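Structural characterization, general
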Amino acid sequence: SIYIEFVLGFHTINAFTNTVEWSKPNDFEGKIGIKNLRFGEVITDITAIGDKCTVISNKPYNLKINEKNFIINRGLNEITF
């Protein structure tokens, strides 16, 4: 969990509120994220390249990336932040 929190930046994952908070490193070059993240009944992939994020989820939840809130729907979600 230290790697997920301090290297990747996923600092809050809450199954009770269906929320993930990600402090995405802005200076990272290339693809960054996590696959098969499970919390509660949610299974999700969250990956980003630059300011474009792709999220795949089996259930809806809230994703906060660098203090910006996004509603994630079931299936494929593409976000630009």
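Overview of the structure. (Residues numbered from 1 in each chain as written. Predicted model: local features only at pLDDT ≥ 70, side-chain atom pairs only at ≥ 80, totals over all residues. Heavy atoms only, no water.)

1. Some words on the side chain of Ser57
This is how it is decided: Secondary structure elements follow DSSP: runs of H or I of four or more residues count as helices, runs of E of two or more count as strands, with numbering from the N terminus. Throughout this description, a polar contact denotes any pair of N or O atoms lying within 3.5 Å of each other; where both atoms belong to protein, one of them has to be capable of donating a hydrogen while the other can accept it, and for residues adjacent in sequence the pair is counted only when both atoms sit in side chains. Contacts are assigned to residue pairs with any non-hydrogen atoms lying within 4.5 Å of each other.
By secondary structure assignment, the location of Ser57 is in strand 5 (residues 52-57). Polar side-chain contacts of Ser57 include one of 2.5 Å to the backbone oxygen of Lys59. If we ignore the near neighbours within four places in the chain, the residues touching Ser57 are Val42, Ile43, Thr44, Ile72, Asn73, Arg74 and Gly75.

2. Some remarks on the packing of aromatic side chains
Which entries qualify depends on this criterion: Stacked, tilted and edge-to-face are the three classes applied to pairs of Phe, Tyr and Trp rings, where Trp contributes its six-membered ring and a pair requires centres within 6.5 Å; stacked means planes under 30 degrees apart, edge-to-face means over 60, and tilted covers the rest. Summary of the burial criterion: residues with accessible area below 20% of their type's maximum are buried, those above 50% are exposed, and those between are partly exposed, where the area comes from a 1.4 Å probe applied to protein chains only.
Counted by the stated rule, this structure contains two aromatic pairs. With centroids separated by 4.6 Å and ring planes inclined at 10 degrees, the aromatic side chains of Phe10 and Trp22 adopt a geometry described as stacked. Taken together, the residues span a long stretch of sequence, with Phe10 in strand 1 (residues 10-14) and Trp22 in strand 2 (residues 19-22) at a distance of twelve residues. For the pair Phe10 and Trp22, a shared accessibility class is recorded, and that class is buried.

3. Things to note about the sheet that holds strand 8 (residues 75-80)
The cut-off we apply is this: For two strands to count as paired, DSSP must find a minimum of two bridges between them. As a rule, the C-alpha atoms of each element are fitted with a line to give its axis, helices using only the stretch in contact, and angles between N-to-C directions run from 0 to 180 degrees.
Strand order across the open sheet formed by four strands is 3-4-5-8, with antiparallel pairing between neighbours. Strands with a single pairing partner mark the edges of an open sheet, and in this sheet they are strand 3 (31-39) and strand 8. Ignoring which end each strand starts from, the neighbouring axes of this sheet average 15 degrees apart.

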